[in-house]
Each structure stands twice: as structure tokens, then as C-alpha cells.
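What follows is each chain in one-letter form.
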Amino acid sequence: MVSHVRTVAFQGVEAVPVDVQVMVAPGKVGMQIVGLPDKAVAESRERVQAALHASGLSMPAKRVTVNLAPADLPKEGSHYDLPIALGLMAALGAIPGDSLAGFVVLGELSLDGTIAPVAGALPAAIGANADGRGLICPHGCGSEAAWAGADIDIIAPRSLIAVANHFRGTQVLSRPEAAIRELARNLPDLADIKGQESARRALEVAAAGGHNLLMVGPPGSGKSMLAQRLPSILPPLGAPELLEVSMIASIAGTLADGKLSDRRPFRAPHHSASMAAMVGGGLRVKPGEVSLAHCGVLFLDEFPEFTPQVLDSLRQPLESGECMIARANHRVTYPARFQLVAAMNPCRCGMAGEPGHRCARGARCQADYQARISGPLMDRIDLRIEVPAVSATDLIRPGPSEGSAAVAERVARARHIQCERAVELGQAAAVTNASLSNTMVEKLAAPDAGGASLLADASEKFGFSARAYHRILKVARTLADLDGTDTVGRVHLAEAISYRMAGEKLARQAA
């Protein structure tokens with residue numbers, strides 16, 4: 001007799017169906033797992049046998065063969081334990097054979113028969129719902145899986161005994177409820193920033209349009225403080241964004257207690273991060289920092305201290321909004337639509353350009369340090385600002401600065417305008433000005449006569465690339481949205497060009 005149980009294999013955030021086939025037949029006593037399993041799947045044999053014994057079931061004195069079909073698809077992870085165990089129980093008659101036909105099953109078994117949480121419950125639930133099936137998952141993943149839809153049948157047992165009792169009718173397992181993670185609302189506030197009015201303005205523009213931002217200034221000028229306060233002015237995740245972000249977090253195993261949050265991700269990896277850590281990879285091709293920052297912020301402090309190869313690996317995700325990781329036998333794609341915020345010192349000693357400071361290495365110190373950032377990567381950064389050292393007058397002046405709440409209201413109004421505009425054009429509501437296509441931005445950000453003349457003169461004088469031209473239009477569109485005007489005027493383009501030109505000498509050093 002052969003029993004069948006449906007489970008999934010993960011390719012990126014996609015759940016690929018896998019048929020677990022269990023056959024109990026005469027032959028040499030033992031269990032064999034085939035179907036291209038990795039080490040974790042091969043070790044399921046020992047966990048399943050121990051869990052069945054702890055649950056009061058003994059392995060049959062026959063040959064047990066487990067086939068994971070399709071056989072040419074790599075099987076990775078410990079979530080195959082539960083489907084193998086349930087398939088074996090069905091083959092032995094411990095549970096009704098047809099009871100598992102309408103479910104997708106995943107979960108890791110402990111030696112005492114309890115079911116441990118696994119990564120990927122949300123993508124598995126969404127895939128099962130699309131296939132018209134229910135889901136059997138660990139109790140710790142139930143609240144996560146419940147977000148897949150109100151009509152999907154979800155069983156979240158704590159142990160193998162609970163599953164058997166449920167299908168035999170002696171115990172009824174209730175459907176888990178979707179849960180939201182309660183986060184502390186006391187985020188760092190912009191009111192803590194003294195001075196730096198131009199940097200605060202640039203941060204507001206970046207938040208309103210989803211633009212990439214680079215801050216250049218000496219140590220202690222407040223670059224990191226500004227970046228850490230960006231989440232406090234960003235709007236919460238919309239429903240489609242929430243599911244996308246949570247699916248990536250589920251695959252990475254970073255969802256705490258299976259609870260979702262509508263707060264935008266803020267990732268700040270150390271500058272020693274490898275390329276696999278940044279864009280994803282490893283033996284099981286896990287999502288990297290760029291994907292974990294999807295729909296949120298990727299903050300790179302000490303920007304030039306990252307290796308040039310890691311920095312240049314950001315160019316493709318910044319342009320396409322996804323990260324494609326190719327291997328010899330397969331390719332995995334993760335969403336990576338993030339907002340890049342970077343901070344750096346002007347030179348290695350950190351004080352280039354400051355009054356009264358003279359670098360011992362001269363201009364070469366600044367040129368060598370800034371050349372670590374390639375020109376093509378710099379061209380993808382919309383806003384480049386200089387953050388000078390804070391003066392004593394700024395620190396001791398009375399009265400607090402404008403807080404995050406007031407700035408967040410203006411950002412929310414600008415984002416609402418962009419959402420309405422995107423819906424009218426048949427685009428997704430989450431489209432920001434920074435992610436507009438070139439064709440759309442030429443239509444939506446067409447400047448008036450004065451603005452067109454200014455942009456033409458600036459492009460000719462400074463030799464803007466085609467990418468720079470369109471990114472200036474995107475920033476100008478955001479500035480007009482913050483002002484609540486439909487027309488992109490000369491004043492908006494002048495400010496957008498100034499943000500581009502503030503780091504132009506940096507780009508020349510990097511070219």
C-alpha cells in the first residue's frame with residue numbers, strides 16, 4: 001500500500017508542490033528516503049522513528065520507502081518530518097487514509113512527538129489556498145498561516161497524538177487566529193535632531209517618494225541619527241506589501257511567534273557583510289539583506305567600507321526591484337524593492353573640507369576613499385547631501401525641533417497622492433515616485449516652461465545621464481506632491497537638481 005501526503009519545497013518565496021509517497025512492503029527492515037533529499041531531510045528518518053515511538057506507535061518490521069516526488073527537485077529543510085510521519089501513520093492505519101487528501105502538510109518533529117515551528121508557513125498556506133487545499137502546520141506557525149485567508153482550513157497541532165486524535169474524531173483542533181505583533185511605538189523622533197535643517201528636508205523628501213539617499217559628512221554630524229529616525233516618518237505597510245514582506249520573513253525564519261507587523265523593515269548590516277549576506281545565497285539560498293528590506297529601508301553606514309563587489313551587487317536590485325540568485329542547477333528570485341540610505345565620511349580621516357582641518361595625505365586621502373564607490377552605483381542615488389558638523393549654537397538654542405509626527409503627516413499626504421495617481425493609471429497602489437517607469441515619469445512629471453528650460457540647461461552643462469535626467473524628474477514630482485500641486489515647476493526642479501549636484505564632486509572622484 002502506498003499513502004500520499006502533499007507538502008511543498010521552497011524556491012524563493014514560491015511554494016512548489018511535493019508529493020510524499022510512503023510504501024510499507026516486505027523486505028529488509030528499515031526506512032529509506034529517496035527523491036534528492038539534503039542532509040536535514042535524510043535525518044528525518046531518525047526523528048520520525050523516535051516521534052512515532054514516543055507517540056505509542058512502533059515501526060513495522062518491514063521495509064519502508066519514502067519517495068519525495070518530483071525526484072529531480074532538491075528537497076531541503078526539516079519541514080518534511082511531519083508529512084513523512086503522517087504518511088507512515090496512514091499506511092499503518094493509525095489515521096484514515098483519505099483524511100490527508102485535502103491538506104498540505106509541513107512541520108518538524110521533536111523526539112518526544114511534539115511538532116516544532118518551521119520557516120515558510122505563510123507561503124505554504126498561500127500556495128495551499130490557491131490550490132484549494134487546507135494546511136496542517138505546527139501550532140507555533142498557526143497564527144502566521146491564518147493570514148493566507150479566512151476560508152482556508154488550518155490545523156495547527158502541538159503533537160502527533162493531537163493530529164491522530166483530530167482525524168479519529170476524539171479531539172477537535174480549533175482554527176488558529178491571525179495575530180499582529182505589538183511593537184513599541186516610541187521610535188526615535190526627529191525632534192532629537194538639532195540643526196541640520198537641509199538634511200531633515202532631504203530625509204522628508206526621501207520618505208515621501210521612496211528615493212535613495214546618501215549623506216556625506218564628518219563623524220558626529222548626525223548622519224546615523226537621521227537615518228535611524230526615517231522609520232518614524234514612513235507610512236505603515238499596505239495589505240499587499242504586508243503579505244510580501246511577511247512571506248520573505250517567513251522563508252528567512254524571522255517572524256516572531258508567527259505574528260505579522262505593519263512596520264516597514266529597517267535593515268542596517270555591518271560593513272563586513274559578505275555578498276551572500278547582502279543579496280542572498282548560501283547552501284539553501286536564503287534571502288539577503290536587500291530582500292529582508294523589501295518595502296522598507298536598507299541603511300548602509302560607513303558606505304565606502306563595504307567591499308566594492310558587495311556595493312556593486314546592489315546595482316541590479318536597485319534597478320529591477322528583485323534579486324536573482326543563479327546556481328548551477330536552479331535559479332531563485334526574491335523581491336527586493338527597497339530604499340537605499342547610505343552614510344559616509346568625506347575621507348578616511350573623516351574631516352576633509354572642515355574649517356581649520358588639513359589632511360596629512362592631502363587631496364589623495366579624499367579621492368581614494370570616495371573612489372571606492374563606483375560611478376554607476378552613485379548614479380542610482382537620487383539625493384546626495386552634505387551633512388556638516390553641528391555648531392554649538394545649534395546644540396544650545398532653546399525650543400525643540402519639529403517632531404516626527406508632523407513630518408509623517410506630510411509624507412502620508414504625499415504618498416496618498418501617489419497612490420491615487422497610480423490607481424488611476426492601473427498600477428499597484430504601492431507604486432511610489434521613485435519606482436515609476438521612465439515613460440510614466442515623463443508623463444506625470446512633465447515640467448512647465450521655466451522648469452523645462454532649467455532642466456535642459458543643467459543637463460547640457462553637467463552632462464547628466466539618461467538615468468540622472470529621469471531621477472531628477474522623479475524627485476521634482478515628489479517635491480510637487482509635498483507642496484500639493486499638480487504641476488512640476490521651476491522651483492521643484494531647482495531643488496531636485498541641487499540634491500543631485502551636492503554630491504557631484506563625489507561622483508567625479510568615483511568615476
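Position numbers for residues count from 1 along each chain, tracking the sequence in the order it is written. The predicted nature of this model means local features are confined to residues of pLDDT at least 70 and side-chain atom pairs, given and counted, to a pLDDT of 80 or more, with totals for whole chains, interfaces and linings taken over all residues. Water and hydrogen atoms play no part in the side-chain values, which are based on all heavy atoms of the structure.

Asks: Talk me through the overall build of the protein; I want residue IDs and the actual numbers.
Replies: Broken down by element type, the protein carries 22 helices and 18 strands. Considered along the principal axes of its C-alpha atoms, the protein spans approximately 85 × 50 × 45 Å. In this scheme, a residue with accessible area under 20% of its type's maximum is buried, one over 50% is exposed, and one in between is partly exposed, where area comes from a 1.4 Å probe on protein chains only. Burial status across the protein gives 51% buried among its 511 residues. Surface exposure here means Shrake-Rupley accessible area, sampled with a 1.4 Å probe, where a residue is shielded only by the protein chains that are shown. Of the roughly 21,900 Å² of accessible surface on the protein, 54% is carried by carbon and sulfur atoms. Only runs of H or I of at least four residues qualify as helices and only runs of E of at least two qualify as strands under DSSP, and these elements are numbered from the N terminus.

Asks: Go over the pattern of salt bridges with me, naming the residues and quoting the values.
Replies: A carboxyl oxygen of Asp or Glu within 4 Å of a side-chain nitrogen of Lys or Arg is what we treat as a salt bridge. Within the structure shown, the criterion is met by 23 salt bridges. Close ionic contact of Asp81 with Arg47 constitutes a salt bridge, the shortest N to O distance being 2.5 Å. Residue Asp81 is found in helix H3 (residues 81–92), and its partner Arg47 is found in helix H2 (residues 44–54); the two are separated by 34 residues along the sequence. Summarising the burial analysis for this pair, Asp81 and Arg47 share the class buried.

Asks: So what's going on with the nonpolar core? Which residues, and what values?
Replies: In this description, a nonpolar core means a group of buried Ala, Val, Leu, Ile, Met, Phe, Trp, Tyr and Cys residues linked to one another through side-chain atoms lying within 4.5 Å. In this structure, Leu213, Met215, Leu230, Val341, Ile385 and Leu493 are the most contacted members of the largest nonpolar core, which totals 50 residues. Among the elements that take part in this core, helix H20 (residues 466–483) stands out by supplying eight residues, more than any other. For this analysis, residues touch if any pair of their heavy atoms sits within 4.5 Å. In this view, Met215 contacts Lys223, Leu226, Ala227, Val341, Ala342, Ala343, Met344, Ile385 and Val387; residues no more than four positions away in its chain are not counted. Grouped together as the second largest cluster of nonpolar side chains are 41 residues, Val24, Met31, Ile84 and Ile115 included.

Asks: An account of the side chain of Lys75 is requested, with residue identities and associated values reported.
Replies: Here Lys75 is to be found in the loop between strand S4 (63–69) and H3. For the buried Lys75, no salt bridge is present, and the opposite-charge side chain at shortest range is Asp72, 6.3 Å distant. Throughout this description, a polar contact denotes any pair of N or O atoms lying within 3.5 Å of each other; where both atoms belong to protein, one of them has to be capable of donating a hydrogen while the other can accept it, and for residues adjacent in sequence the pair is counted only when both atoms sit in side chains. Within the local environment of Lys75, its side chain forms a polar contact with the backbone oxygen of Gly35, the two atoms lying 2.8 Å apart. Only four residue types enter the charge count, namely Lys and Arg as positive and Asp and Glu as negative; His and the chain termini do not.

Asks: I'd like to hear about unusual backbone geometry, residue by residue, with values.
Replies: For the peptide bond that leads from Ala69 to Pro70, omega is 5 degrees, which places it in the cis range. Looking at the secondary structure, you find Pro70 in the loop between S4 and H3. Even without being glycine, Gln196 reaches a positive phi, approximately 55 degrees. As for its placement among the helices and strands, Gln196 is situated in the loop between helix H6 (160–168) and helix H7 (197–209).

Asks: How would you explain the side chain of Glu289 if you had to name every residue and give the values?
Replies: With respect to the helices and strands, Glu289 occurs in helix H11 (residues 289–292). Once residues lying within four places of it in the same chain are set aside, the contact partners of Glu289 are Arg267, Pro269, Ala277, Met278 and Leu298.

Asks: Could you give an account of the packing of helix H19 (residues 449–462) against helix H21 (residues 490–501), naming the residues involved and the relevant values?
Replies: At their nearest, the axes of H19 and H21 sit 8 Å apart, and the two run at 20 degrees to each other. Classified by the interaxial angle, the pair formed by H19 and H21 is roughly parallel. Where H19 crosses over H21, the handedness of that crossing is right-handed. On H21, the residues that touch Gly450, Gly451, Ala452, Leu454, Leu455, Ala458 and Phe462 of H19 are Arg490, Leu493, Ala494, Ile497 and Met501. To define axes, lines are fitted to C-alpha atoms, for helices over the stretch in contact only, and angles between the resulting N-to-C directions are given on a 0 to 180 degree scale. Under this scheme an angle from 65 to 115 degrees is roughly perpendicular, one under 35 degrees roughly parallel, and one over 145 degrees roughly antiparallel; angles in between are oblique. Here a crossing is taken to be left-handed if its near helix is turned anticlockwise relative to the far helix by less than a right angle, and right-handed if that turn runs clockwise.

Asks: Any chance you could break down the packing of H20 against H21 for me, citing the residues and the numbers?
Replies: Running from N to C, H20 and H21 point in directions that differ by 130 degrees, and their axes come no closer than 8 Å. As judged from the angle between their axes, H20 and H21 are oblique. For the element pair H20 and H21, the recorded crossing hand is right-handed. Every residue of H21 that contacts H20 at Ala468, Arg471, Ile472, Leu473, Val475, Ala476, Leu479, Ala480 and Asp483 is listed here: His492, Leu493, Glu495, Ala496, Ile497, Tyr499 and Arg500. Only Asp, Glu, Lys and Arg are considered charged in this grouping, and only Ala, Val, Leu, Ile, Met, Phe, Trp, Tyr, Cys and Pro are considered nonpolar; every other residue, Gly among them, is considered polar. By residue class, the composition of the contact of H20 with H21 is 11 nonpolar, one polar and four charged.

Asks: Can you lay out the packing of aromatic side chains for me, pointing to particular residues and giving the numbers?
Replies: A pair of Phe, Tyr and Trp rings is counted when the ring centres sit within 6.5 Å of each other, with Trp represented by its six-membered ring. The angle between the planes then sorts it: under 30 degrees is stacked, over 60 is edge-to-face, the rest tilted. Overall, the coordinates contain three aromatic pairs when judged by the stated rule. On the basis of an interplanar angle of 25 degrees and a centroid distance of 6.1 Å, the ring pair of Phe266 and Phe299 is categorised as stacked. Taken as a pair, Phe266 in strand S11 (residues 266–267) and Phe299 in strand S14 (residues 297–300) lie far apart in primary sequence, 33 residues in all. The class for Phe299 is buried, based on a relative accessible area of 4%.

Asks: Summarise helix H17 (residues 404–424); cite the residues concerned and give the values.
Replies: Take the residue count of a helix, subtract one, and multiply by 1.5 Å to get its expected span. Between its terminal C-alpha atoms H17 stretches 30 Å, which fits the 30 Å expected from 21 residues at 1.5 Å a residue. Among all positions of H17, only Ser404, Val407, Val411, Ala414, Arg415, Gln418, Arg421 and Ala422 are buried. Summarising the axial view, the buried residues of H17 lie within an arc of 120 degrees, below the 170-degree limit, and thus occupy one face. Summarising the geometry of H17, the exposed residues directed more than 90 degrees from the buried face are Ala405, Glu409, Arg413, Val423 and Glu424. Directly after H17, the chain includes Gly426, whose backbone phi takes a positive value near 80 degrees. Taken from the helix axis, the directions to the C-beta atoms give the arc we talk about.

Asks: Which residues make up H2, and what are the values?
Replies: The complete set of buried residues in H2 reads Ser44, Arg47, Val48, Ala51 and Leu52. Buried residues along H2 cover an arc of 125 degrees about the axis, so they all sit on one side. Buried positions along H2 lie against strand S3 (30–34), helix H1 (39–42), H3, strand S6 (108–109) and H6.

Asks: Residues and numbers for the pairing of strand S16 (residues 331–335), please.
Replies: Of the two faces of S16, only one is covered, namely that formed by Val332 and Tyr334; the face formed by Arg331, Thr333 and Pro335 stays uncovered. Here five bridges tie strand S15 (residues 322–326) to S16, and the two strands are oriented antiparallel to one another. Within the sheet, the bridge partner assigned to Ile325 lies in S16 and is Val332. Hairpin geometry of S15 and S16 is characterised by an intervening segment of four residues between the two adjacent antiparallel strands. Following DSSP output, two strands are said to pair if at least two bridges run between them.

Asks: Could you give me a rundown of the sheet that holds strand S18 (residues 383–386), with the residues and numbers involved?
Replies: Pairing between sheet strands relies on hydrogen bonds along the backbone, with the strands arranged either parallel or antiparallel. Here we have five strands laid out as an open sheet, ordered S11-S14-S17-S10-S18, and parallel in their pairing. Unpaired on one side and paired on the other, S11 and S18 mark the two borders of the sheet.

Asks: Please provide a residue-by-residue account of the state of the cysteines, values included.
Replies: The term disulfide is used for any two cysteine sulfur atoms that are within 2.5 Å. According to the stated counting rule, one finds zero disulfides in the structure shown. The cysteine Cys295 is free of any disulfide, with Cys419 supplying the nearest cysteine sulfur at 12 Å. For Cys295, a relative accessible area of 6% puts it in the buried group. Summary of cysteine pairing: Cys347 is not part of a disulfide, and the nearest cysteine sulfur, belonging to Cys349, is at 3.1 Å. A relative accessible area of 0% means that Cys347 is categorised as buried.

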